[in-house]
Amino acid sequence: MKKVKEYLNRDISMAILFSFFLIICIIMLCSFGTGMFNRNTLSSMAFQLSEVAVLAFGMALCMLLGGIDLSIVAIANLSSLVAAMILTGKWFDIEKAGVGITIVVAVVVALTIGLVCGIVNGIIISKFSVSPIVATLSTMTLYSGLGMGITGGKSIGGYPAKFLIFGTGSVGPVPIVFLVTCIVFCILIMALDRTKLGREIHYIGENHTAARFAGIDNESVIIKTYAISGLMAGIASLMIMARSNSARSGYGDTYQLQVIMIAVLGGISPSGGKGRLYGVFIATFCLQIMQTAFTLWQFSPYSKKLIWGMMLLAIMLINMIQDRVSKRARIRNMSANKK
């Protein structure tokens, strides 16, 4: 318990997040009692938060780098639409290849499209020195247009039952998609903490110029990071498809604001170089609990967007105040050491 307190004292963002999480849990428990935190409700939340969590991981990596990926949801939509065309037999001969091979091809294609789209984002940002906001906003429009052109705005559904097991099946009480999310989370945590790429992402996020003078290949790291973000979008696209048994252009547009808010609430600094994925995972649970509460309270979609927007502004304001307090504390310490 003492170590936990010391850690929270060092990282104010995590302390704020833990406090926010506890407050939400207490409010929901008082409002709904065991109706909120029973096995069925928790299982339902685990199904829903998985795709958002994976998207938030990709967004968090880009923000750690000092960038952002506004196209991440559009990449997920494009990946799901192409995979849907394969799974429904429009672009692939299911009868000749068999259901198993078709599912494998659809999964590989969805992940590949996500990876390629992420690489395109990274190349535009690193090779042509385009601002991440402008670059990913442009590619978001491009990927959304491609998805609209493929389907004409229509939804595509009716996938093989074996594929739907991924989105609706469970191992005991734990959904398969949640297990996949946990595996992805563990891999990313180890990559950020124990690999050269993870350290370089933090270095570039802290000081882009200093990282270059330190011998880090900034362009390569940026491309790899956005490629991973695209891959996260590809994984999320498969989760969305399998859970909803449909795909259409524009699906999950509200996820864009949510994943940015989750990353910021989880302690990821928008300016880069600061934050941990642990906080992002916890923040995902916070927002999913709130999303479930909004459903139980029968809030309209417009009310939800208003609340998400107000929360994002509040979080950004808290982070700004925190940064200013931290800078002043560092200056005081430096002055005291000089004396």
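Just above, that's the structure.
Residues numbered from 1 in each chain as written. Predicted model: local features only at pLDDT ≥ 70, side-chain atom pairs only at ≥ 80, totals over all residues. Heavy atoms only, no water.

Comments concerning the overall build of the chain
Looking only at helices and strands, the chain has 15 helices and four strands in total. Taking 20 Å as the expected radius of gyration for a compact globule of 339 residues, we find that the chain reaches 21 Å, a close match to that expectation. Projected onto the principal axes, the alpha-carbon positions of the chain cover approximately 80 × 55 × 35 Å. Taking contacts inside the chain between residues at least 6 apart in sequence as the whole, the part at least 24 apart equals 77%. (Helix = DSSP H or I, 4+ residues; strand = E, 2+ residues; numbered from the N terminus. Rg over C-alpha atoms; globule rule 2.2 N^0.38 Å. Contact = heavy atoms within 4.5 Å.)

Quick look at helix 12 (residues 218-244)
An ideal rise of 1.5 Å per residue puts 39 Å on 27 residues; helix 12 measures up with 39 Å between its terminal C-alpha atoms. Of all 27 residues that make up helix 12, 20 are buried, and the element is covered over most of its length. Of the residues trailing helix 12, Asn-245 is marked for its positive phi of about 55°. (Expected span 1.5 Å × (residues − 1). Buried < 20%, exposed > 50% of the residue type's maximum accessible area, 1.4 Å probe, protein only.)

Structural notes on the side chain of Asn-121
Following the sequence through the fold, Asn-121 ends up in helix 6 (residues 99-127). Apart from the residues within four sequence positions on either side, Asn-121 is in contact with Asp-69, Ser-71, Ile-75, Thr-136, Thr-139, Tyr-143 and Tyr-226.

Structural notes on helix 14 (residues 277-296)
Taking 1.5 Å as the rise per residue, helix 14 with 20 residues should run 28 Å; its terminal C-alpha atoms sit 29 Å apart, in good agreement. With 16 of 20 residues buried, helix 14 lies mostly within the body of the structure. At the exit of helix 14 stands Gln-298, carrying a positive phi of roughly 60°.

Observations regarding a positive patch on the surface
A surface patch of positive charge is lined by Arg-324, Lys-327, Arg-328, Arg-330 and Arg-332. Structurally, Arg-330 can be placed in helix 15 (residues 301-338). (Patch = residues over 30% accessible without salt bridge, like charges linked within 9 Å, V, L, I, M, F, W, Y side chains within 5 Å. Areas by Shrake-Rupley, 256 points an atom, 1.4 Å probe, with all protein chains shown as cover. Salt bridge = Lys/Arg side-chain N within 4 Å of Asp/Glu carboxyl O. Lys, Arg positive; Asp, Glu negative; His and termini not counted. Charge placed at Lys NZ, Arg CZ, Asp CG, Glu CD.)

Digging into the packing of aromatic side chains
Per the counting criterion, the structure on display carries eight aromatic pairs. When the centroid spacing of 4.7 Å and the interplanar angle of 45° are considered together, the rings of Phe-185 and Phe-281 count as tilted. Highlighted residues: Phe-185 in helix 9 (residues 176-194) and Phe-281 in helix 14, separated in sequence by 96 residues. Overall, the relative accessible area of 10% leaves Phe-281 in the buried class. Taken together, a centroid distance of 5.4 Å and an interplanar angle of 45° make the contact between Phe-281 and Phe-285 tilted. Taken together, the residues span about one helical turn, with Phe-281 and Phe-285 both in helix 14 at a distance of four residues. Given the relative accessible area of 29%, Phe-285 is considered partly exposed. (Phe/Tyr/Trp six-rings, centres within 6.5 Å; stacked < 30°, edge-to-face > 60°.)

Description of the packing of helix 9 against helix 10 (residues 196-206)
A pair of packed helices can be characterised by two numbers: the angle between their axes and the separation between those axes. Put simply, helix 9 and helix 10 touch, their axes get as near as 5 Å, and they point 70° apart. As far as their axial angle goes, helix 10 and helix 9 are roughly perpendicular. Residues Ala-191, Leu-192 and Arg-194 of helix 9 lie in contact with helix 10, whose contacting residues are Lys-196, Gly-198, Arg-199, Ile-201 and His-202. Its residues assigned to classes, the contact of helix 9 with helix 10 comprises three nonpolar, two polar and three charged. (Axes fitted to C-alpha atoms, helices over the stretch in contact; angles between N-to-C directions. Parallel < 35°, antiparallel > 145°, perpendicular 65-115°, else oblique. Nonpolar A, V, L, I, M, F, W, Y, C, P; charged D, E, K, R; others polar.)

Some thoughts on the packing of helix 4 (residues 72-87) against helix 6
At their nearest, the axes of helix 4 and helix 6 sit 9 Å apart, and the two run at 155° to each other. As the angle between them shows, helix 4 and helix 6 are arranged roughly antiparallel. Remark: the crossing between helix 4 and helix 6 carries right-handed chirality. Note on element contacts: helix 6 touches helix 4 through Thr-102, Ile-103, Val-105, Ala-106, Val-109, Ala-110, Ile-113, Gly-114, Cys-117, Gly-118 and Asn-121, opposite Ile-75, Leu-78, Ser-79, Val-82, Ala-83, Ile-86 and Leu-87. Split by residue class, the contact of helix 4 with helix 6 holds 13 nonpolar, five polar and no charged. (Left-handed = near helix turned anticlockwise from the far one by under 90°.)

Structural notes on the nonpolar core
Core analysis: the largest hydrophobic core is formed by 79 residues, its most contacted members being Leu-55, Phe-57, Met-59, Ile-260, Leu-277, Val-280 and Leu-287. Looking at this core element by element, the count peaks at 16 residues for helix 3 (residues 39-64). With residues near it in sequence (within four places) discarded, Leu-277 still touches Phe-57, Ala-60, Phe-185, Leu-188, Ile-189 and Leu-192. One finds Ile-86, Ile-103, Tyr-159 and Leu-238 within the second-largest nonpolar core, a separate group that totals 17 residues. (Core = buried A, V, L, I, M, F, W, Y, C linked by side-chain atoms within 4.5 Å.)

Side note on the pattern of salt bridges
Within the structure shown, the criterion is met by four salt bridges. In this structure, Lys-127 engages Glu-219 in a salt bridge whose closest nitrogen and oxygen atoms are separated by 3.1 Å. Placement of Lys-127 in helix 6 and of Glu-219 in helix 12 is noted, with a sequence separation of 92 residues between them. A residue is classified by how much of its surface remains accessible, and Glu-219, at 26% relative accessible area, is partly exposed.

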